[in-house]
Amino acid sequence: MREGGSIRDGGEDPEHVRMLAEIFESLPPILVHSETMRLIDGVHRLRAAKLRGRETIKAHLFKGTESEAFVLAVRSNVSHGLPLSLEERKAACLRIMDLHPDWSDRRIARVAGISPKTVSSLRRAKGDGQGSRVGQDGRVRPLNAYAGRQRAAELIRANPEQSLRQVARASGISPETVRAVRSQLLRQQTLASTTAIREERPEPPADTCQAPENWRRAMRTLQSDPAMRYSEHGRFLLRLLSLHDVDDEEWGRILQAVPEYARPVFSRAAQGCVSLWASTARKMEGGKECRKSA
């Protein structure tokens, strides 16, 4: 077994070693890194064993990386035994920053036994400019929450069908924050769409020439409405409506595919579609009737 570099500036405390030697039989095992056989925690207990003339001592082996072993050594010395001084805890904090630059202030503070404000102050003095931190729960969070929300908003605008978790992973914020961003965008865009619809002038009765253009104008309005785009049923209705965006020339080619004997049946089917959409239009215009049937 090898003794690693002590995290104590003053080394061992002889008085503490003598006190431990008196109660040696009741002391817990020391902690040793299994890969390097380096002592992680228990230097005073080891000295007490030698003072008692012992050639062996009980030990637990820790399996992990050397950086994990150092963090464990700090945590162990903070939680029990001879307390570390404030300067020793600050030194340990700086070492942990080197080993884990992405850890949050609170996470390091909990290990080193100092306040998050002290960790933050040490980080600023050290010139650490990490853009995000890993918290105690293992989640990555950006230092600038505003930047994460802005990124989430861009992703939602580009693809409204992405899940909350997909956007959260890409923007470095929580799914709940993404939900709040999406709700805010929905409110903003709904307000903008409502204003645009109110400002739109009433159109004259459509004739056969005006109808296609009026239909396309209405489609553009619906497609820009977030209440339609962010809703599964809304997107389904937009897909249904978009199927009718066919010009007269294309309709002529399509109708040529209908055999002569099937044209009466096709005509009845088309009339049925006309009746269905006309009924839908009346429900939409009626408002109350539409809500009741929905």
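These numbers were taken from a predicted model, which means no experiment stands behind them. (Residues numbered from 1 in each chain as written. Predicted model: local features only at pLDDT ≥ 70, side-chain atom pairs only at ≥ 80, totals over all residues. Heavy atoms only, no water.)

Novice: Would you explain unusual backbone geometry in this entry?
Specialist: Across residues other than glycine, the phi torsion is negative in most instances, and most of the peptide bonds are trans. A positive phi angle, near 55 degrees, is found at M37, a position not held by glycine. With respect to the element layout, M37 can be found in the loop between β2 (30–33) and β3 (38–41). M37 gets classed as partly exposed once you look at its relative accessible area, which sits at 36%. (Helix = DSSP H or I, 4+ residues; strand = E, 2+ residues; numbered from the N terminus. Buried < 20%, exposed > 50% of the residue type's maximum accessible area, 1.4 Å probe, protein only.)

Novice: So what exactly am I meant to see when it comes to the nonpolar core here?
Specialist: For soluble globular proteins, nonpolar side chains are generally found buried alongside one another. Core analysis: the biggest nonpolar cluster contains 17 residues, and V74, C93, I96, I108 and V119 have the highest contact counts within it. Those elements that provide at least two residues to this core are α3 (66–79), α4 (86–99), α5 (105–112) and α6 (116–126). Not counting residues within four places of it along the chain, the set of residues in contact with I108 comprises C93, I96, M97, W103, V119 and R123. By size, the runner-up hydrophobic cluster in this structure holds 12 residues, among which are A153, L155, I173 and V178. (Core = buried A, V, L, I, M, F, W, Y, C linked by side-chain atoms within 4.5 Å. Contact = heavy atoms within 4.5 Å.)

Novice: Honestly, the pairing of β3 in this entry has me stumped. Any pointers?
Specialist: The two faces of a sheet get side chains in turn, since along a regular strand they alternate between them. Taken together, the two bridges between β2 and β3 define a ladder with antiparallel strand orientation. What sits directly across from L31, in β3, is D41. Between the antiparallel neighbours β2 and β3 lie four residues, among them M37 with a positive phi of about 55 degrees. (Pairing = 2+ DSSP bridges.)

Novice: Got a minute to help me understand the packing of α3 against α4 in this structure?
Specialist: Packed helices, taken two at a time, are described by the angle between their axes plus the distance between the axes. Contact geometry of α3 with α4 gives a least axis separation of 11 Å together with a crossing angle of 155 degrees. As summarised for this structure, α3 and α4 are arranged roughly antiparallel, according to the angle between their axes. Here the hand of the crossing between α3 and α4 comes out left-handed. On the side of α3, the interface is formed by S67, F70, V71, V74 and V78, while α4 contributes R89, A92, R95, I96 and L99. Across the contact of α3 with α4, the residue classes break down as seven nonpolar, one polar and two charged. (Axes fitted to C-alpha atoms, helices over the stretch in contact; angles between N-to-C directions. Parallel < 35°, antiparallel > 145°, perpendicular 65-115°, else oblique. Left-handed = near helix turned anticlockwise from the far one by under 90°. Nonpolar A, V, L, I, M, F, W, Y, C, P; charged D, E, K, R; others polar.)

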